[in-house]
Amino acid sequence: MALSIGIVGLPNVGKSTLFNALSAAGAQAANYPFCTIEPNVGVVPVPDDRLDQLSALIKPLKKIPTSLEFVDIAGLVRGASKGEGLGNQFLGNIRQVNAVLHVLRCFEDDNVTHVEGGVNPVRDRDVVDTELCLKDLETVEKRRERSLKNTKMGGKAGDEAKAEVALLDRIKAKLDEGITVRAQKLTDDEKAAIQDLFLLTDKPVLYVANISEGQIGKEDSDPRVQQVREMAAKEGAGVVVLAAALESEIQQLAEADRPGFLADSGLTEPGLNKVVREGYKLLGLWTYFTVGEQECRAWTIHKGFKAPQAAGVIHSDFERGFIKAEVFGWTDLVKLGSEAAVKEKGLLRVEGKEYVVQDGDCMHFRFNV
Ligand code: GDP
């Protein structure tokens, strides 16, 4: 399941710096089945304390985290929807990702030019959103023309086309006011009707407030960080505050040197961990584990996956030939110390095809192909 998060923002806000730090984190993850596809795509392990605890207990030969893909999407400037900068290429790249990480510059640095003239994260957000809204308007208008022709058809098809035109008109009117599709609170049916348009402003968003090293520890009183938080709260979006340049330095250090460096910088963990975890949440993803002496491994599922679908993430044969699953909670294993003890306490369940896998389940699958 290759799910990806696109990193967007105006030039010189720290996108590439953040992307490079994320890529470095991915490149260093031991035992990771690695695939660097293109220079602007990085596969990053998802930090998971539960997997760490399970592995500390079982001491497997391999510990394999699950992962997320990040895409560095360069080229957005004012006017991109009209082809300025990398214009259309940028917009094509963003269409393909599942969620958006919007980097906002909150750091001052006279040596780093600001394309809009000065540091103002909320204005920057508006510039980017405006371009995305304009592009969505174009997409919606094109579809509306087609639907309008279809209204001339009789019967059910004609009725459906009329309903679609009405929906598109409503979306268009809001986009005209600069209201993103995600903020338009469409019903599930309405969302389904426009799903195949892959509208840019419909994708879930997470903001990164990129601060300088000197601002660390003072985030709560930093006016720019506050502005970003207030703006994000209004739209129900998350914010991760970090110093991208520092994150990049942390990734250059040997593993053993990091805790001291983090402490000196006033951090308890790399900000990247938060970005990856929040990104994972944003995509509505859950994790289950397979545990054994060979390997302890985390697997990604969507919320609501039933046991056979979850098994299919490992291999399609597991899904096709699914018979049953043995399931127990990761906390039970860590608390009781062994699978035998979990069984003895009656905490290992046998579940069938209808079982909805829960976040943090440990699973063994029985299958037959
Ligand atoms: P992009 O155009 O958004 O990809 O921006 P880059 O990541 O290339 O960064 C632009 C410039 O800003 C580079 O010179 C970075 O070193 C610098 N930069 C990025 N993040 C920070 C930061 O947190 N603090 C400072 N002072 N400079 C940063």
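What counts and how
Residues numbered from 1 in each chain as written. Predicted model: local features only at pLDDT ≥ 70, side-chain atom pairs only at ≥ 80, totals over all residues. Heavy atoms only, no water. Near = heavy atom within 4 Å. Polar contact = N/O pair within 3.5 Å; in protein donor to acceptor, adjacent residues only side chain to side chain. Areas by Shrake-Rupley, 256 points an atom, 1.4 Å probe, with all protein chains shown as cover. Helix = DSSP H or I, 4+ residues; strand = E, 2+ residues; numbered from the N terminus. Domains from an automatic or database assignment. Contact = heavy atoms within 4.5 Å. Buried area = accessible area lost by both parts, 1.4 Å probe. UniProt positions renumbered as here; feature names shortened; annotations may be inferred. Salt bridge = Lys/Arg side-chain N within 4 Å of Asp/Glu carboxyl O. Buried < 20%, exposed > 50% of the residue type's maximum accessible area, 1.4 Å probe, protein only. Expected span 1.5 Å × (residues − 1). Core = buried A, V, L, I, M, F, W, Y, C linked by side-chain atoms within 4.5 Å. Axes fitted to C-alpha atoms, helices over the stretch in contact; angles between N-to-C directions. Parallel < 35°, antiparallel > 145°, perpendicular 65-115°, else oblique. Left-handed = near helix turned anticlockwise from the far one by under 90°. Nonpolar A, V, L, I, M, F, W, Y, C, P; charged D, E, K, R; others polar.

**Quick look at the site of the ligand**
- Around the ligand, 15 residues are found, and the nearest of them are Asn 12, Lys 15, Ser 16, Thr 17 and Ile 211.
- Within the contact set of the ligand, an oxygen atom lies 2.9 Å away from a side-chain nitrogen or oxygen of Lys 15.
- Contact with the protein chains hides 72% of the accessible area of the ligand, taken as 580 Å² for the molecule alone.
- Contributing elements (two or more residues each) for the shell around the ligand: helix H1 (15-28) and helix H8 (244-252).

**What about the domain arrangement of the chain?**
- By domain assignment, the chain separates into domain 1 (4-119 + 203-282) and domain 2 (304-367).
- Between the C-alpha centres of domain 1 and domain 2 the distance comes to 33 Å.
- Taken together, the 5 residues of domain 1 in the interface contact 7 residues of domain 2.
- A per-residue breakdown of the area domain 1 buries against domain 2 is headed by Arg 50, Leu 54 and Leu 57, which together make up 79% of the total.

**Overview of unusual backbone geometry**
- A positive phi angle is found at Asn 12, which is not glycine, with a value near 65 degrees.
- Secondary-structure assignment places Asn 12 in the loop between strand E1 (4-8) and H1.
- The residue Lys 59 is not glycine, and still its phi comes out positive at about 50 degrees.
- Checked against the element boundaries, Lys 59 lands in the loop between helix H2 (49-58) and strand E3 (62-64).

**Looking at the UniProt feature "binding site: ATP" (unreviewed entry) in the chain**
- Here the UniProt feature "binding site: ATP" (unreviewed entry) sits at Asn 12, Val 13, Gly 14, Lys 15, Ser 16 and Thr 17.
- Tracing the sequence through the fold places Val 13 in the loop between E1 and H1.
- Residues in contact with Val 13, not counting those within four places in the same chain, are Val 103, Arg 105, Phe 107, Asp 124 and Asn 210.
- Examined against the element boundaries, Ser 16 turns out to sit in helix H1.

**Concerning the environment of Asn 98**
- Considering the arrangement of structural elements, one finds Asn 98 in the loop between helix H3 (87-95) and strand E5 (99-105).
- For the pair formed by Asn 98 and Gly 352, sequence separation is 254 residues and the distance between their alpha carbons is 31 Å.
- Among the polar contacts listed, one links the side chain of Asn 98 to the backbone nitrogen of Ser 4, at a separation of 2.8 Å.

**Focus: the pattern of salt bridges**
- Enumeration according to the criterion identifies 25 salt bridges in this entry.
- Close ionic contact of Arg 320 with Asp 317 constitutes a salt bridge, the shortest N to O distance being 2.5 Å. Within this pair, Arg 320 and its partner Asp 317 are both found in helix H12 (residues 316-320), separated by 3 residues, close to a single helical turn.
- With a relative accessible area of 63%, Arg 320 lands in the exposed category.
- For Asp 317, a relative accessible area of 23% gives the class partly exposed.
- What emerges from the salt-bridge pattern is a single network uniting Arg 125, Asp 126, Asp 129, Arg 182 and Glu 235.

**Some remarks on helix H5 (residues 155-176)**
- With 22 residues, H5 extends 32 Å between its outermost C-alpha atoms, agreeing within 8% with the 32 Å of an ideal straight helix rising 1.5 Å per residue.
- Turning to H5, the residues buried within the fold contact helix H4 (121-150) and helix H6 (188-194).
- Following H5 by one or two positions, Gly 178 adopts a phi angle in the positive range, close to 85 degrees.

**Concerning the side chain of Glu 131**
- The topology assignment puts Glu 131 in helix H4.
- Owing to a relative accessible area of 5%, Glu 131 belongs among the buried residues under this scheme.
- Residues in contact with Glu 131, not counting those within four places in the same chain, are Leu 76, Val 77, Arg 78, Gly 79, Ala 80 and Ser 81.

**So, the nonpolar core**
- Of all hydrophobic cores here, the largest spans 60 residues; its most connected members are Leu 18, Leu 68, Phe 70, Ile 94 and Leu 101.
- If we skip the residues at most four places from it in the chain, Phe 70 touches Ile 5, Ile 7, Phe 19, Leu 22, Asn 40, Val 41, Gly 42, Val 44, Leu 101, Val 275 and Val 276.
- In this structure, Phe 318, Tyr 355, Val 357 and Phe 365 belong to the second largest nonpolar core, which totals 15 residues.

**What about the packing of H4 against H5?**
- Where H4 meets H5, the axes come as close as 9 Å, and the angle between the chain directions of the two elements is 160 degrees. Relative to H5, H4 is oriented roughly antiparallel. The handedness of the crossing between H4 and H5 is left-handed. Where H4 approaches H5, its residues Cys 133, Asp 136, Leu 137, Val 140, Glu 141, Arg 143, Arg 144, Ser 147, Leu 148 and Asn 150 are matched on the opposing element by Ala 157, Gly 158, Ala 161, Glu 164, Val 165, Leu 168, Asp 169, Ile 171, Lys 172, Leu 175 and Asp 176.
- When the residues that make up the contact of H4 with H5 are grouped by side-chain class, the tally is 10 nonpolar, 3 polar and 8 charged.

**Topic: the packing of H4 against helix H7 (residues 223-234)**
- The interhelical angle for the contact between H4 and H7, taken along N-to-C directions, is 45 degrees, at an axis separation of 8 Å. What the angle tells us is that H4 and H7 run oblique. Two secondary-structure elements touch here, H4 through Pro 121, Val 122 and Arg 125 and H7 through Arg 224, Gln 227, Val 228 and Met 231.
- By residue class, the composition of the contact of H4 with H7 is 4 nonpolar, 1 polar and 2 charged.

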